[in-house]
Amino acid sequence: MELILLLAIVIGALSFLLPLYNQLKALHEPIRKMDATLDASLARKRNLSADLRDVASTTARLEVGSVEYVQSSIIKAAEAISASNRPSLLIANLAASFPVLKSIASFERLQETSVSIEAMIAEELEARNRVAEIYNTQIGLFPTVIFAPLLGFTAVHYRNDAMQETRHMEAEASATAPIERKRESTLDKRISDVLRPK
C-alpha cells in the first residue's frame, strides 16, 4: 500500500514537473539565442571603429586644408563608436564637418552600415527584452515560482547595451505614428514567431 502511494506521488510529481520544465525551457531557449544574435550585432558595431580608422588613413590622399585635423577628428569618433548608442550620428557629424569624406566610397558604405546596424540592434534588443519579460512573468507566478529554481530556472536580466532608442518628442511621434505602428506590428510578429511551439 505504501509503495503504491509512493509511486502515485512520484507519478503525480513528474506529471506536473515535466510539463513545467518543458514550458520554461521553451521560454528560456529563445532568450539565449537572441542574446547570441544581439552580441553578434554589437560586435559588428565595434567593428565600425576599425573601418573608420581605415577611412582616416585614406584621407591622407585627399586635398584638404589640414589632413592631420581631419584624421584626428575621425580617430576620436572611432574611439567613441563602441560605447555610443548612436554610431550613425557620430559618422553623420563627421560628414557634415568634412564634406570631402563623402567622396570616399568606404566612408559612404560605412554610413549606410552604421544606420543598418543601429536599427538592427535596437530592434533585437527590444524583442529580446519583451521575450525576457514574458519568461520572468511566468516564473514569478505561483506555483512556478517555487519549483522553477529547483528545475534550474531563474529570472533573466533585462539588457540595455546602451542601444535603447531615444523617445521622440510628442510632435515628432504624431508625425511618425504610421511608421511606428508598422514597426510594432513587425516586432510583435517576430516575437510570436520566436515563441511559437516547433
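Our subject is the structure listed above.
Quantities reported herein were computed from a predicted structural model and do not represent experimental measurements.

Chemist: Got a minute to help me understand the overall build of the chain in this structure?
Modeler: Summing up its helical and strand segments, the chain has 7 helices and 0 strands in all. Residues counted as buried form 32% of the 198 residues belonging to the chain. Taking as baseline every contact in the chain between residues at least 6 positions apart, the subset at least 24 positions apart corresponds to 75%.

Chemist: Help me understand the packing of aromatic side chains in this model?
Modeler: Aromatic ring pairs are reported here in terms of the distance separating the ring centres and the angle at which the planes meet. Going through the model one piece at a time under the given rule, you end up with 3 aromatic pairs. Measuring from ring centre to ring centre gives 5.2 Å for F16 and F147, while their planes differ by 70 degrees; the resulting arrangement is edge-to-face. Taken as a pair, F16 in helix α1 (residues 2–58) and F147 in helix α5 (residues 144–147) lie far apart in primary sequence, 131 residues in all.

Chemist: In this structure, what is going on with the packing of helix α2 (residues 67–81) against helix α3 (residues 87–97)? I would like to understand it.
Modeler: Helices that pack against each other are described as a pair by the angle of their axes relative to one another and the distance between those axes. Between α2 and α3, the least distance of the axes is 10 Å, while the angle of their chain directions is 175 degrees. Overall, the two elements α2 and α3 adopt an arrangement that is roughly antiparallel. Contact residues: α2 offers S73, I74, A77, A80 and I81, while α3 offers P87, L90, I91 and L94. In the contact of α2 with α3, the residues fall into 8 nonpolar, 1 polar and no charged.

Chemist: Explain the packing of α3 against helix α4 (residues 105–139) to me, please; I cannot follow it from the model alone.
Modeler: Across the interface, α3 lies against α4 with an axial gap of 8 Å and an inter-helix angle of 155 degrees. Classified by the angle their axes make, α3 and α4 are roughly antiparallel. Helix-helix and strand crossings are classified by hand; for α3 and α4 the assignment is left-handed. Contact residues: P87, S88, L89, I91, A92, L94 and A95 in α3; F107, L110, Q111, S114, V115 and E118 in α4. Counted by class, the contact of α3 with α4 contains 9 nonpolar, 3 polar and 1 charged residues.

Chemist: I would appreciate a short explanation of the pattern of salt bridges in the present structure.
Modeler: Close approach of charged atoms allows side chains with opposite charge to pair. The tally for this structure, following the rule as stated, stands at 7 salt bridges. Among the salt bridges present, the one from K25 reaches E29, with a minimum N-O distance of 3.9 Å. With K25 and E29 both in helix α1, this residue pair falls 4 residues apart, about one helical turn. According to the relative accessible area criterion, K25 is partly exposed, its value standing at 38%. Residues R128 and D35 are paired through a salt bridge, measuring 2.8 Å at the closest nitrogen-oxygen approach. Here R128, found in helix α4, pairs with D35, found in helix α1; they are 93 residues apart in sequence, far enough to count as distant. Each of the two residues, R128 as well as D35, counts as buried. Here the salt bridges do not stand alone but share partners, grouping D35, D39, R128 and R159 into one network.

Chemist: Explain the side chain of R128 here, please?
Modeler: On the basis of relative accessible area, R128 is assigned to the buried category, the value being 1%. From its side chain, R128 meets the backbone oxygen of H157 in a polar contact 2.6 Å long. Residue contacts for R128: discarding those within four places in its chain leaves I31, M34, D35, H157, Y158 and R159.

Chemist: I would appreciate a short explanation of a nonpolar patch on the surface in the present structure.
Modeler: Taken together, the side chains of L3, L6, L7, V10, I11, L14 and L18 make up a nonpolar region of the molecular surface, amounting to roughly 680 Å² of accessible area. Locating V10 in the fold gives a position in helix α1.

Rules of the game
- Residues numbered from 1 in each chain as written.
- Predicted model: local features only at pLDDT ≥ 70, side-chain atom pairs only at ≥ 80, totals over all residues.
- Heavy atoms only, no water.
- Helix = DSSP H or I, 4+ residues; strand = E, 2+ residues; numbered from the N terminus.
- Buried < 20%, exposed > 50% of the residue type's maximum accessible area, 1.4 Å probe, protein only.
- Contact = heavy atoms within 4.5 Å.
- Phe/Tyr/Trp six-rings, centres within 6.5 Å; stacked < 30°, edge-to-face > 60°.
- Axes fitted to C-alpha atoms, helices over the stretch in contact; angles between N-to-C directions.
- Parallel < 35°, antiparallel > 145°, perpendicular 65-115°, else oblique.
- Nonpolar A, V, L, I, M, F, W, Y, C, P; charged D, E, K, R; others polar.
- Left-handed = near helix turned anticlockwise from the far one by under 90°.
- Salt bridge = Lys/Arg side-chain N within 4 Å of Asp/Glu carboxyl O.
- Polar contact = N/O pair within 3.5 Å; in protein donor to acceptor, adjacent residues only side chain to side chain.
- Patch = residues over 30% accessible without salt bridge, like charges linked within 9 Å, V, L, I, M, F, W, Y side chains within 5 Å.
- Areas by Shrake-Rupley, 256 points an atom, 1.4 Å probe, with all protein chains shown as cover.

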